[in-house]
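# Residue-level structure breakdown
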Amino acid sequence: ITVPAIVEAIRDVGYDVALEDLEQQARDREYRALRFKLIVGIALAIPVVALGMAHANFPGANWVQLALSAPVLFFCGWSFYRGAWKSVRHLTADMNTLIVVGTSVAYGYSVAATFAPGLFEAAGGHGAGHTSGVGFEVVPYFDTSAAIIALVLLGRWLEARAKGRTSQAVRALVAL
């Protein structure tokens, strides 16, 4: 019996046959979702990094960076948080844990510096942004957290693309 004969027999009794590989379909969906998150992450991270690197000091600069970096962390980087949570539940740590801890600390400090900069100024002028004798400038690190998420997403997207191409090459070899 051949595959076309099996397909025809199944269709004769009123059912349809999905001939595409379900694993490949799932991989394609995951790849497209990852690509979308990468595009959104990069599009939002670029202005945040530009503002951070330029040390933009206009009124509301921190709020703009907060608004642009929040979706990068909590939408684009949600898979890292989910993976870190699974690791913590099993009392282990992995790359997701490292990414989440690093980006969350930078983001959390930046949020605190945005909402209550006086807390850091009252600390006596120690830390990043201290200028000798002139005063203390609270420097947020939204750019760091957004850039890390975007760059790791880029790496994961490149990995997924390479896996997809390798899988297609193996299928072509098997078909030969």
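Keep in mind that what you see is a predicted model, and the values were worked out from it rather than measured.

Regarding its fold elements, the chain presents 7 helices and 2 strands. For the chain, the succession of helices and strands along the chain, N to C, is α-α-α-α-α-α-β-β-α. The buried share among the 176 residues of the chain stands at 30%. By sequence separation, contacts in the chain at least 24 residues apart represent 67% of the contacts at least 6 residues apart. When the accessible surface of the chain is totalled, it reaches about 11200 Å², and 67% of it is carbon and sulfur.

The subject of this paragraph is the nonpolar core. Nonpolar side chains tend toward joint burial in soluble globular proteins. Ranked by internal contacts, the top residues of the largest apolar core, which has 22 residues, are Phe 80, Ile 149 and Leu 153. Of all the secondary-structure elements, those providing two or more residues to this core are α2 (22–53), α3 (61–76), α4 (78–89), α5 (95–115) and α7 (142–175). A total of 7 residues in this core trace back to one element, the largest contributor, which is α7. In this view, Leu 153 contacts Leu 34, Lys 37, Leu 38, Cys 76 and Phe 80; residues no more than four positions away in its chain are not counted.

Glancing now at the pattern of salt bridges. For the structure shown, the criterion picks out 1 salt bridge. Close ionic contact of Lys 163 with Glu 159 constitutes a salt bridge, the shortest N to O distance being 3.7 Å. Here Lys 163 pairs with Glu 159, and both are found in helix α7, just 4 residues apart, close to one helical turn. When its relative accessible area of 43% is taken as the criterion, Glu 159 is described as partly exposed.

Backbone geometry places Leu 91, a non-glycine residue, at a positive phi of 55 degrees. Relative to the helices and strands, Leu 91 resides in the loop between α4 and α5. The class for Leu 91 is exposed, based on a relative accessible area of 80%.

Before going further, it helps to examine the environment of Val 64. In this structure, Val 64 sits in helix α3. Separated by 78 residues in the primary sequence, Val 64 and Phe 142 place their C-alpha atoms 9.9 Å from one another. Residue contacts for Val 64: discarding those within four places in its chain leaves Leu 51 and Phe 58.

This part is about a nonpolar patch on the surface. Residues Ile 1, Ile 6, Ile 10, Val 13 and Tyr 15 make up a contiguous nonpolar surface patch of roughly 580 Å² in combined accessible area. Considering the arrangement of structural elements, one finds Ile 10 in helix α1 (residues 3–12). According to the relative accessible area criterion, Ile 10 is partly exposed, its value standing at 32%.

Analysis parameters
Residues numbered from 1 in each chain as written. Predicted model: local features only at pLDDT ≥ 70, side-chain atom pairs only at ≥ 80, totals over all residues. Heavy atoms only, no water. Helix = DSSP H or I, 4+ residues; strand = E, 2+ residues; numbered from the N terminus. Buried < 20%, exposed > 50% of the residue type's maximum accessible area, 1.4 Å probe, protein only. Contact = heavy atoms within 4.5 Å. Areas by Shrake-Rupley, 256 points an atom, 1.4 Å probe, with all protein chains shown as cover. Core = buried A, V, L, I, M, F, W, Y, C linked by side-chain atoms within 4.5 Å. Salt bridge = Lys/Arg side-chain N within 4 Å of Asp/Glu carboxyl O. Patch = residues over 30% accessible without salt bridge, like charges linked within 9 Å, V, L, I, M, F, W, Y side chains within 5 Å.

Honestly, it's all geometry; don't read function into it.
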